[in-house]
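Fold and geometry: a report
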Amino acid sequence: MFHFSNIVRTKGDPKIVEGGPSLKQPADQLARALGWFSIGLGVFELFAPRRVTETLGMEGHETLVRAFGVREILTGIMSLSVEKNAGLWARVGGDGLDAAALLSGLTADNPKKGNIALALLTVGGIAALDYRTAQDTRPQRPPRDARRKLYPRRSGFPKGIESVRTAARQIAALARPNEMKQGDARGVP
Amino acid sequence: MKALVWHGKEDIRCDTVTDPEIQDPRDAIVKVTSCAICGSDLHLFHNFIPGMLPGDIMGHETMGEVVEVGSGVNGKLKKGDRIVVPFTIICGECDQCRRGNFSVCETTNRKRHLADKVFGHTTAGLFGYTHLTGGYPGGQAEYLRVPFANATHIKVPAGIPDEQLLFLSDIFPTGWQAAVQCDIEPTDTVAIWGCGPVGQMAIRSAILLGANQVIAIDCLPERLSMAEAGGATTIDFETESVVERLQELTDGKGPEKCIDCVGMESHVMPSLPDTLLDRAKQMVMAESDRPHVLREMIYVCRPGGIISVAGVYSGLSDMLPMGAFMNKGLTMRTGQTHVNRWTDDLLRRIEEGEIDPSFVITHTVPLSEGPEMYQVFRDKRDSCVKVVLKP
């Protein structure tokens, strides 16, 4: 990508000679892939719900498929964002909803129940992937009750705070008579 | 040379890049002795500010030794000079520079056509801070090209360690300007949102400028302890109501002066629904900033008061209570820092031992460990408040 960027970069600015290790872990890359997959699936569900319901033998549930499509898009966007972990957990929840909806269509009189079984298998596999990725991308922020270093002696004032406050008060006292004179001239009490 | 290079969202790498060259007679090349990671670098790390390209070198808090000067530098700098590099690139000659409005220098943004379109008028070029501000390579590197080096430098004396001087490049004057913009009077209560490095400097600046009471708001114990050490009364917004505590501490009148040292990535909490909504909108690019702090400041500030914004905002903020802002007669002052406007005063205060800005440093590591330190700083791990990198 930086080769393309170099085209618009000012001539003479430093260019990469050798890349260092990336901060991105495989789980980050997987989260990104799942995010784009989610958006793609969501768009398909949103704009072609009949294709989905026909394939599954669940005609009449187009509105539900559209709603699931919107959910997929939103969780996909979250998975691509800085909050990817929240996005992935939302996807795990969404996988549960998908499975529940599919199970409701797994009736004896559904001629496409074979497709539903296949879809359930796929959802199960993706759910496992979502769950694993969510585990691997857990934020590393320390918990609220973690032991932390405190800095009670870092005032930044080598001569002490009181010395600074006293100096500031003295400067203010010296400045005040001048200000009052200006105030009198303007008729300000 | 080695440099910390932006490769995309949350991906900074320590790459080997070509050395910078003199491109213009007014350039100088600096061998970096110390540089730092700034809170506003995190906005780039998260890719919340548009205009970064893979391959851009990060960093805008840098100091070092001049190793090469162009023929047009006119003797103001010479090889061997020790300088702090202000994060704003200034020409020193345009109308704005002559007025001391250095951060809106009219000359130095070499991609001003972009800034003109986005902001209406260009602002100064900045080191390592997107192509909206010139796309200049930053100073988290072994060497840095300083354009307009005639004016863009702060000469510093030998004998004072880097750690005390480095922050003249950004966070110290930024905190100072935030406080100065408040026109602090001896009876004033100054409330400061955010106790990161700039917030810490703003606290000390408000004390130096004679505020009667300084109240600092954050949620991290290490930052709150540092704020308290600097003379502030603290509020932990995760366990206390900021509005109620500020009312208590000001006899129900509200602080006269409010300083925002948080900016566009304010903390998101379920108990503050506006922060959740902002985050959701930011995610789908319906809003670029999370302005919870601005809303809260407008609400609590005493009528006739001043709001000073040092935190970085990038674009569009929703649901600002303009009714309260207008009817309470508040004044808002903002701006990237006019670094060189404050340099003489702040350098003197450091030299005289009035303040030692190195108090804020909690981590000093080699440049090669910079990428991991971005994550540590972002996640607030290991009680990290400020990171200094040594190339």
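All of these numbers come straight from a predicted model, not from anything done at the bench.

1. Let's talk about the overall build of chain A
When helices and strands are tallied, chain A shows seven helices and one strand. Starting at the N terminus and walking to the C terminus, you meet the elements of chain A as α-β-α-α-α-α-α-α. In terms of overall size, chain A is more extended than a compact globule, its C-alpha atoms giving a radius of gyration of 31 Å where 189 residues would be expected to give roughly 16 Å. Principal-axis analysis of the C-alpha atoms places the extent of chain A at approximately 95 × 55 × 40 Å. Looking at chain A as a whole, 35% of its 189 residues qualify as buried.

2. Topic: the packing of helix H2 (residues 26-47) of chain A against helix H6 (residues 113-136) of chain A
When two helices pack together, their arrangement is given by the angle between the helix axes and the distance between those axes. Residues and elements named next belong to chain A. Two elements in contact, H2 and H6, have axes whose closest approach is 9 Å; the angle formed by their N-to-C orientations is 135°. When the interaxial angle is binned, H2 and H6 end up oblique. Helix-helix and strand crossings are classified by hand; for H2 and H6 the assignment is left-handed. Only Ile126, Leu129, Asp130, Thr133 and Asp136 of H6 make contact with H2, whose side of the interface consists of Ala27, Leu30, Ala31, Leu34 and Phe37. A class-by-class count of the residues in the contact of H2 with H6 yields seven nonpolar, one polar and two charged.

3. What about helix H7 (residues 221-229) of chain B?
Residues and elements named next belong to chain B. In terms of residue burial, H7 counts as a mostly covered element, since seven of its nine residues are buried. For H7, the complete set of buried residues consists of Glu222, Arg223, Leu224, Ser225, Met226, Ala227 and Ala229. Directly after H7, the chain includes Gly231, whose backbone phi takes a positive value near 105°.

4. Some points on the interface of chain B and chain A
Taken together, the contact pairs 72 residues of chain B with 49 residues of chain A. Here chain B meets chain A over a buried area of about 4,900 Å², counting both sides, of which 55% is carbon and sulfur. A per-residue breakdown of the area chain B buries against chain A is headed by Lys9, Pro54 and Met283 of chain B, which together make up 11% of the total. Between the two partners, chain B and chain A, sit six salt bridges. Between Asp382 of chain B and Lys149 of chain A there is a salt bridge, with its nearest N and O atoms 3.6 Å apart. In this structure, the connection of chain B to chain A is made through 28 residue pairs in polar contact (both at pLDDT 80 or more). Taken together, the elements giving at least two residues each to the side of chain B that touches chain A come down to strand S1 (2-8), strand S2 (11-17), strand S4 (56-57), helix H6 (197-208), H7, helix H9 (273-283) and helix H13 (370-379) of chain B. Sort the elements by how many residues they give to the side of chain B that touches chain A and S2 of chain B lands first, with seven residues. Residues that form the side of chain B that touches chain A fall into these classes: 30 nonpolar, 19 polar and 23 charged. Strand direction decides the pairing type here: strand S1 (residues 16-18) of chain A and S2 of chain B, joined by two bridges, are antiparallel. Residue pairing for S2 of chain B: Glu18 of chain A is matched across the bridge by Thr16 of chain B.

5. Some words on the confidence of the model for chain A
Looking at chain A, pLDDT values average 90 and 91% of them are 70 or higher. Segment residues 183-189 of chain A: pLDDT under 50, and one contact once partners within four positions in sequence are set aside and those in other chains are kept.

6. Considering the sheet that holds S2 of chain B
Strand pairs in the sheet, formed through backbone hydrogen bonds, run parallel or antiparallel to each other. In spatial order, the strands read S1(A)-S2(B)-S1(B)-S4(B); together these four strands make up an open sheet with antiparallel pairing. Either end of the sheet is taken by a strand with one partner, and the two such strands are S1 of chain A together with S4 of chain B. Contacting S1 and S2 of chain B, H13 of chain B runs over the sheet at an angle of about 160° to S2 of chain B.

7. Considerations on a nonpolar patch on the surface
Residues and elements named next belong to chain A. A surface patch of nonpolar side chains, about 340 Å² in accessible area, is lined by Phe4, Ile7 and Val8. Of note, Val8 is situated in helix H1 (residues 2-8). By relative accessible area, Val8 is classed as partly exposed at 48%.

8. Here's the deal with the pattern of salt bridges
Counted under the stated rule, the structure contains 40 salt bridges over all chains. A salt bridge links Arg110 of chain B to Asp13 of chain A; the nearest nitrogen and oxygen atoms lie 2.6 Å apart. Separated into two different chains, Arg110 of chain B in the loop between helix H2 (95-98) and helix H3 (112-119) and Asp13 of chain A in the loop between H1 and S1 make up a pair that spans both. Arg110 of chain B gets classed as partly exposed once you look at its relative accessible area, which sits at 26%. Residues Asp183 of chain B and Arg333 of chain B are paired through a salt bridge, measuring 3.0 Å at the closest nitrogen-oxygen approach. Of this pair, Asp183 of chain B sits in the loop between helix H5 (171-180) and strand S11 (189-193) while Arg333 of chain B sits in strand S16 (residues 331-333), and the two are 150 residues apart along the sequence.

How each quantity is defined
- Per chain, residue numbering runs from 1 following the sequence as it is written.
- As a convention, the first chain written is A and the first ligand written is 1, with the rest following in written order.
- For a predicted model such as this one, the threshold for reporting local features is a pLDDT of at least 70, and the threshold for listing and counting side-chain atom pairs is 80 or more; totals across whole chains, interfaces and linings nevertheless cover every residue.
- With hydrogens and water set aside, each side-chain value is computed from the structure's full complement of heavy atoms.
- Only DSSP runs of H or I covering at least 4 residues are called helices, and only runs of E covering at least 2 are called strands; the numbering of each starts at the N terminus.
- The quantity called the radius of gyration is restricted to C-alpha atoms. Its globule counterpart is 2.2 Å times the number of residues to the power 0.38.
- Each residue gets one of three labels from its accessible area relative to the maximum for its type: buried under 20%, exposed over 50%, partly exposed in between, using a 1.4 Å probe on protein chains only.
- Lines are fitted to the C-alpha atoms to define the axes, a helix being fitted only along its stretch in contact, and any angle between axes, read from their N-to-C directions, falls within 0 to 180 degrees.
- Angles below 35 degrees are treated as roughly parallel, those above 145 as roughly antiparallel, those between 65 and 115 as roughly perpendicular, and all remaining angles as oblique.
- By the definition used in this description, the sense in which the near helix is turned from the far one sets the handedness, with an anticlockwise turn below a right angle giving left-handed and a clockwise turn giving right-handed.
- Any pair of residues with heavy atoms lying within 4.5 Å of one another is described as a contacting pair.
- Side-chain classes follow a simple rule in which Ala, Val, Leu, Ile, Met, Phe, Trp, Tyr, Cys and Pro form the nonpolar group, Asp, Glu, Lys and Arg form the charged group, and the remainder, Gly included, forms the polar group.
- Summed over both partners, the accessible surface that disappears when two parts come together, traced with a 1.4 Å probe, is what is meant by buried area.
- For salt bridges, the criterion is a side-chain nitrogen of Lys or Arg within 4 Å of an Asp or Glu carboxyl oxygen.
- Whenever a nitrogen or oxygen atom comes within 3.5 Å of another N or O atom, the pair is scored as a polar contact, on the condition that within protein one atom can donate a hydrogen and the other can accept it, and that pairs from neighbouring residues in sequence are kept only if both atoms are in side chains.
- Strands were regarded as paired on the criterion that DSSP finds at least two bridges between them.
- Confidence of the predictor in every single residue is expressed as pLDDT, which spans 0 to 100.
- Residues qualify for a patch when their relative accessible area is over 30% and they have no salt bridge, like charges being joined within 9 Å and the nonpolar side chains of Val, Leu, Ile, Met, Phe, Trp and Tyr within 5 Å.
- Accessible areas in this description were obtained via Shrake-Rupley with a 1.4 Å probe; residue shielding takes into account the shown protein chains only.

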